[in-house]
Amino acid sequence: MKFREGGAEQRQADFQALGPTNIRTNSDGVTVGNLPDGTRIILRTSRDNGMTLEHRSDSRGIIFKLRY
């Protein structure tokens, strides 16, 4: 996991910069988008109330995780 400055605004900018499609927000507040290669990016609140951006693959698990 890597740490990045900028908080919620930077996390949202990083999410949008990846160019996700089919963006949806679940009832628990987790936002998920799909990338052209079939992987997913996920915006969520961390267990310690931090903010996280994850890039996941069904076959490979977590590709990267940024904490803001």
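Heads up: these notes are all about the structure in this document. Note on numbering: residues in each chain are counted from 1, in written sequence order. Local features in this predicted model are restricted to residues of pLDDT 70 or higher, and side-chain atom pairs are both shown and tallied only at a pLDDT of 80 or more, whereas totals for entire chains, interfaces and linings draw on every residue. Where side-chain values are given, they derive from all heavy atoms of the structure, hydrogens and water being excluded.

1. What about the pattern of salt bridges?
Side chains that differ in charge, positive against negative, can pair when their charged atoms come close.
And then number 1: By definition here, a salt bridge exists when the distance from a side-chain nitrogen of Lys or Arg to a carboxyl oxygen of Asp or Glu is within 4 Å. Within this structure, the stated rule accounts for 5 salt bridges.
And then number 2: For Glu 54, the salt bridge identified is with Arg 44, shortest N-O distance 2.7 Å. Note that Glu 54 is positioned in strand S5 (residues 51–57) and Arg 44 in strand S4 (residues 40–45), a separation of 10 residues in sequence.
And then number 3: Partly exposed residues are those whose accessible area sits between 20% and 50% of the maximum for their type, while under 20% is buried and over 50% is exposed, using a 1.4 Å probe and protein chains only. You can call Glu 54 buried: its relative accessible area is 3%.
And then number 4: One salt-bridge network, held together by shared partners, links Arg 44, Glu 54, Arg 56 and Lys 65. Helix numbers and strand numbers start at the N terminus; a helix is a DSSP run of H or I with at least 4 residues, a strand a run of E with at least 2.

2. Quick notes on unusual backbone geometry
And then number 1: At Asn 22, a position not held by glycine, the phi torsion is positive, near 50°.
And then number 2: Within the element layout of this structure, Asn 22 appears in strand S2 (residues 21–25).
And then number 3: Its relative accessible area of 53% is what places Asn 22 among the exposed residues.

3. Describing the environment of Pro 36
And then number 1: Considering the arrangement of structural elements, one finds Pro 36 in the loop between strand S3 (31–34) and S4.
And then number 2: Here Pro 36 falls in the exposed class, since its relative accessible area comes to 82%.
And then number 3: Residues Pro 36 and Leu 53 lie 17 residues apart in sequence; the distance between their C-alpha atoms is 17 Å.

4. Topic: the side chain of Ser 57
And then number 1: Along the chain, the position of Ser 57 falls in strand S5.
And then number 2: Judged by relative accessible area, Ser 57 falls into the buried class, the value being 11%.
And then number 3: Polar contacts involving the side chain of Ser 57 include one to the side chain of Ser 59, which spans 3.2 Å.
And then number 4: Ignoring any residue separated from it by four or fewer positions in sequence, one finds Ser 57 in contact with Thr 39 and Ile 63. Counting of polar contacts relies on pairs of N or O atoms within 3.5 Å, with two restrictions inside protein: one atom must be capable of donating a hydrogen and the other of accepting it, and residues adjacent in sequence are counted only when both atoms are side-chain atoms. Contact criterion: two residues are considered in contact whenever any of their non-hydrogen atoms come within 4.5 Å of each other.

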